[in-house]
Amino acid sequence: MKTIQIYTQPHCPYCHRAKALLDTKGVEYQEIDISTNTDKRAEMMQRSQRRTVPQIFINDHPIGGSDDLAAADKDGTLDSMLITTGLNKPHREMSPALR
Ligand SMILES: N[C@@H](CCC(=O)N[C@@H](CS)C(=O)NCC(=O)O)C(=O)O
């Protein structure tokens, strides 16, 4: 399944910034709060080889943190990745009224 995953903690400004950027793209993402889940924290560190939040993955590909996501947005890499993966178009059931 094509997914965007973001590991976060509450009260983390970088996490809020990264999620706000993803929200501007209109994409859906899975948020994984590691604040109360040591298994998920270990999973994040193992996958990213980093210990800070947020950590973002697009189709299992490690993007990095909020600054990395912003840099990828600025240079166009993020948009290309979302288009290539088809993640820029969330599949939603069309309302019968619109069919
Ligand atoms: N440059 C990183 C900074 C991330 C960062 O500093 N996150 C804080 C929480 S807001 C953190 O994980 N601090 C714990 C630590 O530094 O070990 C980014 O853009 O994601």
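Structural data are supplied above this passage.
Bear in mind the structure is a predicted one, so any value in this text is a computation, not a measurement. (Residues numbered from 1 in each chain as written. Predicted model: local features only at pLDDT ≥ 70, side-chain atom pairs only at ≥ 80, totals over all residues.)

Undergrad: Describe the packing of helix 1 (residues 13-25) against helix 3 (residues 66-74), with residues and values.
TA: Remark: helix 1 packs on helix 3, axes separated minimally by 9 Å, with the N-to-C direction vectors making an angle of 30°. It follows that helix 1 is roughly parallel to helix 3 by the angle criterion. Handedness of the helix 1/helix 3 crossing: left-handed. Taken together, the residues of helix 3 that come into contact with helix 1 (itself represented by Tyr14, Arg17, Ala18 and Leu21) are Ser66, Leu69, Ala70 and Asp73. The residue makeup of the contact of helix 1 with helix 3, split by class, is 5 nonpolar, 1 polar and 2 charged. (Axes fitted to C-alpha atoms, helices over the stretch in contact; angles between N-to-C directions. Helix = DSSP H or I, 4+ residues; strand = E, 2+ residues; numbered from the N terminus. Parallel < 35°, antiparallel > 145°, perpendicular 65-115°, else oblique. Left-handed = near helix turned anticlockwise from the far one by under 90°. Contact = placed C-beta atoms within 7 Å. Nonpolar A, V, L, I, M, F, W, Y, C, P; charged D, E, K, R; others polar.)

Undergrad: Summarise helix 1; cite the residues concerned and give the values.
TA: Its 13 residues place the ends of helix 1 19 Å apart at the C-alpha level, agreeing with the 18 Å of an ideal helix rising 1.5 Å per residue. The complete set of buried residues in helix 1 reads Cys15, Ala18 and Leu22. Projected down its long axis, helix 1 shows its buried positions confined to an angular sector of 70°, all on one face. With respect to the buried face of helix 1, the exposed residues turned more than 90 degrees away are Pro13, Ala20, Asp23 and Thr24. (Expected span 1.5 Å × (residues − 1). Buried ≥ 20, exposed ≤ 12 C-beta atoms within 10 Å, placed from the backbone. Arc of directions from axis to C-beta.)

Undergrad: Could you give an account of the site of the ligand, with specific residues and numbers?
TA: As a structural note, the neighbourhood of the ligand is formed by Cys12, Pro13, Tyr14, Arg51, Thr52, Val53, Pro54, Gly65, Ser66 and Asp67. Class assignment for the residues of the shell around the ligand results in 5 nonpolar, 3 polar and 2 charged. (Near = placed C-beta within 6 Å.)

Undergrad: Please give an account of the nonpolar core that cites residues and values.
TA: Counting 14 residues, the largest nonpolar core has Ile6, Ala18, Ile56, Ile58, Ile63 and Leu69 as the members making the most contacts within it. Those elements giving two or more residues to this core turn out to be strand 1 (4-8), helix 1 and strand 3 (55-58). Apart from residues lying up to four places away in sequence, Ile63 is in contact with Ile56, Phe57, Ile58, Asp68, Leu69 and Ala72. (Core = buried A, V, L, I, M, F, W, Y, C linked by C-beta atoms within 7 Å.)

Undergrad: Which residues make up unusual backbone geometry, and what values go with them?
TA: With omega at 0°, the peptide bond leading from Val53 into Pro54 counts as cis. Turning to its location among the elements, Pro54 is positioned in the loop between helix 2 (38-48) and strand 3. Even without a glycine there, the phi angle at His11 is positive, about 60°. Checked against the element boundaries, His11 lands in the loop between strand 1 and helix 1. Given 8 C-beta atoms within a 10 Å radius, His11 is considered exposed. Positive phi values are uncommon outside glycine, yet Asn59 reaches one of about 50°. Structurally, Asn59 is set in the loop between strand 3 and strand 4 (61-64).

Functional significance is not addressed by these values, which are geometric in nature.
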